[in-house]
Amino acid sequence: MLRLLRFPLRRMEKYDNWTREQLLERIATLESRPVEKKPVKKERPFDMSKYQQRHIALKVAYLGWNYMGFAAQTDEVNVPTVEGRLFQALQRCKLITTVEEAQFSRCGRTDKGVSGLGQVVSLKVRSNGPDKPEISYVDTLNRLLPDDIRVLSWAPVDASFNSRFDCKSRTYKYFFNKGALDLDKMRTGASYFLGKHDFRNFCKLDPSKNITNYEREVLSLDINQVAPSVPNLLNTEFYEVQLKGTAFLWHQVRCIMSILFLVGQKLEEPEIIKDLLNVQKIDARPDYPMASELPLLLYDCEFDGLDWVAGNGPSTARIYQHWRELWSAHMTRTLLCQTFMQYMQPFPVAESQALKEYLETEKHGPTVVLGGGKEQRSARYKKLLDRQRCDSDEVKKQKYRAKKQKTSN
């Protein structure tokens, strides 16, 4: 150790008697020398043909707030997606080479801001083969994924398995603040959705898809409490809608929630749902806003015969602890906002009337609840059947075909 210390000291001794000008000249000479760059080591191309492969399904959980939807887009820098981050992780750990070769399929195509807990994808990945312990797919991927995405488990599947077409049912949850909503009316309205119906007035029509069948089956729709009221704070009770169906149209759940909110506010009668499901009576959707995407969660995707492998105990514990840390951080932010609300309740807003009493008694102008803390204010509420209608499915398709023909000429 002493030798190592003496060596640089000896090299410095020769500069002891140098003048300032000599030292500056020496520094200038050293700085003028070209910097030798170390040669960049080229990464050897990965050859998947040297490894065994297998088809698996992955169960993926994600908070969708920071993403432009689940399905990958062409520009992941400006349009980040959950799938794009998953592909990056799969390629970094050499589980796949390209998405095309992986035979990838997804169960649900959740939109911008929507979260998922039971999302299922299937693909062909690198494998250790049947004679060795299998790759720890869950841990390997989670080390490379961002904080708001985690793989929960994996399952072996046949080569013919398709996450979209082999799914038996999909379950969504939508969380909402009860406020002044009439839950009995909402439950009455919800009962009209059960069974098979034409849901074209409860979705966003896309003429480019050329959908001919808008019939979907709702298996169950329940409204249950998830969080009681905070003591001494108004309108802090939370509920969830749990909706299970065989398949869903684009924005169908958010449109359903929008109408249920109108019913719960007593702006519409529950029977408006019967009217909107009757496409002979109403062949085009009235112009109404969709409910917020923030509270929507793809909760579960049901399959027959899949044996999910969640990893070992420590692996599962790490994933749970990860979500607990995120929960703790968001709960802390919630408590801060809650404290601000409690602090302001005694504030006077009128003569001898505090804010709390004012909020309890004052009649405000009509507001339309959109969920996720959003409301739409208006001077006067206009009934759905009195509103302008959107283009019908057939009109949209005619316009799309005409536009496509015009651009091709």
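The present account deals with the structure reproduced in this document. (Residues numbered from 1 in each chain as written. Predicted model: local features only at pLDDT ≥ 70, side-chain atom pairs only at ≥ 80, totals over all residues. Heavy atoms only, no water.)

### Some thoughts on the overall build of the chain
In terms of regular secondary structure, the chain is built from 10 helices and 13 strands. In terms of overall size, the chain is more extended than a compact globule, its C-alpha atoms giving a radius of gyration of 30 Å where 409 residues would be expected to give roughly 22 Å. Dimensions along the principal axes, computed over C-alpha positions, put the chain at roughly 95 × 70 × 55 Å. Burial analysis of the chain (409 residues in total) assigns 39% to the buried set. (Helix = DSSP H or I, 4+ residues; strand = E, 2+ residues; numbered from the N terminus. Rg over C-alpha atoms; globule rule 2.2 N^0.38 Å. Buried < 20%, exposed > 50% of the residue type's maximum accessible area, 1.4 Å probe, protein only.)

### Some thoughts on the side chain of Ser169
Summarising the element assignment, Ser169 is placed in strand 5 (residues 169–177). A polar side-chain atom of Ser169 sits 2.5 Å from a polar atom in the side chain of Glu302. If we ignore the near neighbours within four places in the chain, the residues touching Ser169 are Leu219, Lys244, Gly245, Thr246, Asp300, Cys301 and Glu302. (Polar contact = N/O pair within 3.5 Å; in protein donor to acceptor, adjacent residues only side chain to side chain. Contact = heavy atoms within 4.5 Å.)

### As for the packing of helix 5 (residues 183–191) against helix 6 (residues 252–264)
Two elements in contact, helix 5 and helix 6, have axes separated by 8 Å at closest approach and are oriented at 140°. One element, helix 5, and the other, helix 6, form an angle in the oblique class. Here helix 5 runs over helix 6; the crossing is right-handed. The segment helix 5 lies against helix 6, with Lys185, Met186, Gly189 and Ala190 engaging Leu260, Phe261, Val263 and Gly264. In terms of residue class, the contact of helix 5 with helix 6 is built from five nonpolar, two polar and one charged. (Axes fitted to C-alpha atoms, helices over the stretch in contact; angles between N-to-C directions. Parallel < 35°, antiparallel > 145°, perpendicular 65-115°, else oblique. Left-handed = near helix turned anticlockwise from the far one by under 90°. Nonpolar A, V, L, I, M, F, W, Y, C, P; charged D, E, K, R; others polar.)

### Observations regarding the packing of aromatic side chains
Within this structure, the stated rule accounts for 13 aromatic pairs. Plain terms: the ring middles of Phe161 and Phe303 are 5.4 Å apart, the flat faces sit at 50° to each other, and that makes the pair tilted. Of this pair, Phe161 sits in the loop between strand 4 (149–156) and strand 5 while Phe303 is found in the loop between strand 9 (296–302) and helix 8 (313–344), placing the two residues 142 residues apart along the sequence. Each of the two residues, Phe161 as well as Phe303, counts as buried. Among the aromatic residues, those joined into a ring-pair cluster are Tyr174, Phe176, Tyr239 and Phe261. Over the aromatic face of Trp308 sits the side chain of Lys59, whose NZ or CZ is 4.7 Å from the ring centroid. In this structure, Arg285 packs its charged tip against the face of Tyr288, placed 4.5 Å from the ring centre. (Phe/Tyr/Trp six-rings, centres within 6.5 Å; stacked < 30°, edge-to-face > 60°. Lys NZ or Arg CZ within 6 Å of the ring centre and 35° of its normal.)

### Points about the nonpolar core
Ranked by size, the top nonpolar core spans 57 residues in total, and within it Phe176, Phe193, Phe202, Ile259, Phe261 and Ile273 carry the most contacts. Those elements giving two or more residues to this core turn out to be strand 5, helix 5, strand 7 (215–227), strand 8 (238–245), helix 6, helix 7 (272–277), strand 9 and strand 12 (367–371). A total of nine residues in this core trace back to one element, the largest contributor, which is helix 6. In contact with Phe176, other than residues within four places in its own chain, are Leu181, Leu183, Met186, Ile223, Glu237, Phe238, Tyr239, Glu240, Val241, Met257 and Phe261. (Core = buried A, V, L, I, M, F, W, Y, C linked by side-chain atoms within 4.5 Å.)

### So, the environment of Gly371
For Gly371, the position within the fold is in strand 12. For the pair Gly371 and Leu294, spaced 77 residues apart in sequence, the C-alpha separation works out to 7.9 Å. Apart from residues lying up to four places away in sequence, Gly371 is in contact with Tyr174, Phe261, Ser292 and Pro295.

### Considering the pairing of strand 1 (residues 52–62)
The element strand 1 is extensively covered by neighbouring structure, given that eight of its 11 residues are classed as buried. In terms of strand pairing, strand 1 meets strand 3 (residues 115–127) through 10 bridges, oriented antiparallel. If you follow Lys59 over to strand 3, its bridge partner there is Val120. Across seven bridges, the pairing between strand 1 and strand 4 is antiparallel. By the bridge assignment, Ile56 is partnered in strand 4 with Pro156. (Pairing = 2+ DSSP bridges.)

### Considerations on the pairing of strand 13 (residues 374–377)
In the sheet, strand 12 pairs with strand 13 via four bridges, with the strands oriented antiparallel. Following the sheet pairing, Val369 is matched in strand 13 by Glu375. Following strand 12, the chain reverses through two residues before pairing antiparallel with strand 13; Gly372 in that reversal takes a positive phi of roughly 65°.

### Digging into the environment of Leu234
Along the polypeptide, Leu234 turns up in the loop between strand 7 and strand 8. Separated by 108 residues in sequence, Leu234 and Gln342 have C-alpha atoms that sit 9.8 Å apart.

### What to know about the side chain of Ser315
Note on placement: Ser315 falls in helix 8. Setting aside anything within four residues of it in sequence, one finds Ser315 in contact with Val138, Asp139 and Ala310.

Keep in mind these values describe shape, not function.
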